[in-house]
Amino acid sequence: MALLAMRRRGGETYPIREFEDVYDRLGQLMNAALGEFAEERSTGVWTPTADISETEDSYVVEVDVPGVKKDEIDVQLSERELIVTGQIEEHESQRRHRKTRRTGRFELRTLLPGEVDAERVEARLSDGVLTITVPKAAAAKPRHIEVTA
């Protein structure tokens, strides 16, 4: 019985990615569990939900930020670390009957698994989802080598 599922790519295994996934899931679980005990007007920073995927040419990060305008979001890339910050304002004038959506300052930090081309990063906000496309560096892309006789 395998204790740790391994991702395979071209015959190689990447156990560190599995540990990063477990770490991210534990962080999300802690945020979800402790979020219920937070004050009604949370002053702490919270992490929005996000999906991180990989294509042949880039890493794609999709962050849920409903109700946030593009000028209220800051996206930074420092080497391989992607940082998304912003704030969702609370509407004080309304009489609230139930509150399940998070408000206040948010921050998402993630370490991308390979080298990236920081000059060609694109961020697009549509329907409450921020999609960040981070192209892989040329050295990080798999290269096809033709075999000759």
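Predicted, not measured: the structure shown is a model, and the values here were computed from it.

Trainee: Before we go on, may I ask you to explain the packing of aromatic side chains in this structure?
Mentor: The geometry of two aromatic rings is summed up by the distance between their centres and the angle between their planes. A complete count under the given rule lists 1 aromatic pair for this structure. For the pair Trp46 and Phe106, a centre-to-centre distance of 5.6 Å together with 50 degrees between the ring planes defines the contact as tilted. Placement of Trp46 in the loop between helix 1 (15–35) and strand 3 (50–54) and of Phe106 in strand 7 (residues 104–111) is noted, with a sequence separation of 60 residues between them. Since its relative accessible area comes to 7%, Trp46 is described here as buried.

Trainee: Which parts of the structure should I look at to understand unusual backbone geometry?
Mentor: Note: most peptide bonds trans; most residues except glycine with negative phi. Not every positive phi belongs to a glycine, and Glu79 is a case in point at roughly 55 degrees. Looking at the element boundaries, Glu79 is found in the loop between strand 5 (73–78) and strand 6 (81–88). Backbone geometry places Asp127, a non-glycine residue, at a positive phi of 55 degrees. Secondary-structure assignment places Asp127 in the loop between strand 8 (122–126) and strand 9 (129–135). Of the residues examined, Asp127 reaches a relative accessible area of 80% and is grouped as exposed.

Trainee: Could you clarify how one ought to interpret the nonpolar core in this entry?
Mentor: The nonpolar side chains of a soluble globular protein tend to be buried with one another. Counting residues in hydrophobic clusters, the biggest one holds 17 residues, and the most contacted among them are Val61, Val65, Val84, Phe106, Leu130 and Ile132. Counting residues per element, the ones that place at least two in this core are strand 4 (58–64), strand 6, strand 7 and strand 9. When near neighbours in sequence (up to four residues on either side) are disregarded, Ile132 contacts Tyr59, Val60, Val61, Val75, Leu82, Val84, Val121, Glu122 and Ala123.

Trainee: Is there a simple way to explain the sheet that holds strand 8 in this structure?
Mentor: Backbone hydrogen bonds are what pair the strands of a sheet, in a parallel or an antiparallel way. Strand order in the open sheet made by the 4 strands is 3-4-9-8, with antiparallel pairing throughout. This sheet does not close on itself; its edge strands, each paired only once, are strand 3 and strand 8. Averaged over all neighbouring strand pairs, the angle between strand axes comes to 15 degrees, with direction disregarded. Of the strand pairs in this sheet, strand 3 and strand 4 are connected by 5 bridges, and their pairing is antiparallel. The residue of strand 4 that forms the bridge with Ala50 is Val63.

About the cut-offs
- Residues numbered from 1 in each chain as written.
- Predicted model: local features only at pLDDT ≥ 70, side-chain atom pairs only at ≥ 80, totals over all residues.
- Heavy atoms only, no water.
- Phe/Tyr/Trp six-rings, centres within 6.5 Å; stacked < 30°, edge-to-face > 60°.
- Helix = DSSP H or I, 4+ residues; strand = E, 2+ residues; numbered from the N terminus.
- Buried < 20%, exposed > 50% of the residue type's maximum accessible area, 1.4 Å probe, protein only.
- Core = buried A, V, L, I, M, F, W, Y, C linked by side-chain atoms within 4.5 Å.
- Contact = heavy atoms within 4.5 Å.
- Pairing = 2+ DSSP bridges.
- Axes fitted to C-alpha atoms, helices over the stretch in contact; angles between N-to-C directions.

Shape is all these values report; function is a separate question.
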